[in-house]
Amino acid sequence: MRWETLIEGSELEIKMIEDILKENEIPYVVETCDDVTPRAIFGSSALMVIKVPEEFLEEAKRILEEIRE
């Protein structure tokens, strides 16, 4: 299975998106980015990434887009 990046964000943003993906039964993994030093210097929290299986990517993007509207 190939995993694709859906979105990058702060821990709070990622937690909200996790809930949405769970509600829609879309599998996902959360990873912490290795290169957070520049963001830490400017005071933001660690950058995280949500990845979904390639076959769920378009559906996940559509769901997030609908929520933003």
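Residues numbered from 1 in each chain as written. Predicted model: local features only at pLDDT ≥ 70, side-chain atom pairs only at ≥ 80, totals over all residues. Heavy atoms only, no water.

1. Focus on the overall build of the protein
- What the protein contains, in helices and strands, is 3 helices and 3 strands.
- For the protein, the α and β elements follow one another from N to C terminus as β-α-β-α-β-α.
- Expressed as a percentage of its 69 residues, the buried residues of the protein come to 30%.
- Put simply, the protein shows about 4900 Å² of open surface, and 50% of that area lies on carbon and sulfur atoms. (Helix = DSSP H or I, 4+ residues; strand = E, 2+ residues; numbered from the N terminus. Buried < 20%, exposed > 50% of the residue type's maximum accessible area, 1.4 Å probe, protein only. Areas by Shrake-Rupley, 256 points an atom, 1.4 Å probe, with all protein chains shown as cover.)

2. Concerning unusual backbone geometry
- Positive phi values are uncommon outside glycine, yet E25 reaches one of about 55°.
- You can see E25 is positioned in the loop between helix 1 (11–23) and strand 2 (29–32).

3. With respect to helix 3 (residues 57–68)
- Between its first and last C-alpha, helix 3 extends 17 Å over 12 residues, near the 16 Å set by a 1.5 Å rise per residue.
- Buried residues of helix 3: L57, A60, I63 and L64, and no others. Summarising the axial view, the buried residues of helix 3 lie within an arc of 130°, below the 170-degree limit, and thus occupy one face.
- Where helix 3 is buried, its residues meet strand 1 (3–9), helix 1 and strand 3 (48–53). (Expected span 1.5 Å × (residues − 1). Arc of directions from axis to C-beta. Contact = heavy atoms within 4.5 Å.)

4. Observations concerning helix 1
- Taking 1.5 Å of rise per residue, 13 residues should cover 18 Å, and helix 1 covers 19 Å from first to last C-alpha, within 8% of that figure.
- For helix 1, the full list of buried residues reads I14, I17, E18, I20 and L21. Take helix 1 and look down its axis: the buried residues cluster within an arc of 165°, on one side only. With respect to the buried face of helix 1, the exposed residues turned more than 90 degrees away are L12, K22 and E23.
- Directly beyond the C-terminal end of helix 1, a positive phi value near 55° is found at E25.

5. What about the pattern of salt bridges?
- Evaluated as defined, the whole model comprises 4 salt bridges.
- Between K15 and E18 there is a salt bridge; the shortest N-O distance is 3.8 Å. Taken together, the residues K15 and E18, both in helix 1 and 3 residues apart, mark about one turn of the helix.
- Looking at E18, the relative accessible area reads 13%, which means it is buried.
- Here E31 and K51 are joined by a salt bridge, their closest N and O atoms 3.4 Å apart. With E31 in strand 2 and K51 in strand 3, this pair connects stretches of sequence that are 20 residues apart.
- The partly exposed category is assigned to E31, whose relative accessible area is 35%. (Salt bridge = Lys/Arg side-chain N within 4 Å of Asp/Glu carboxyl O.)

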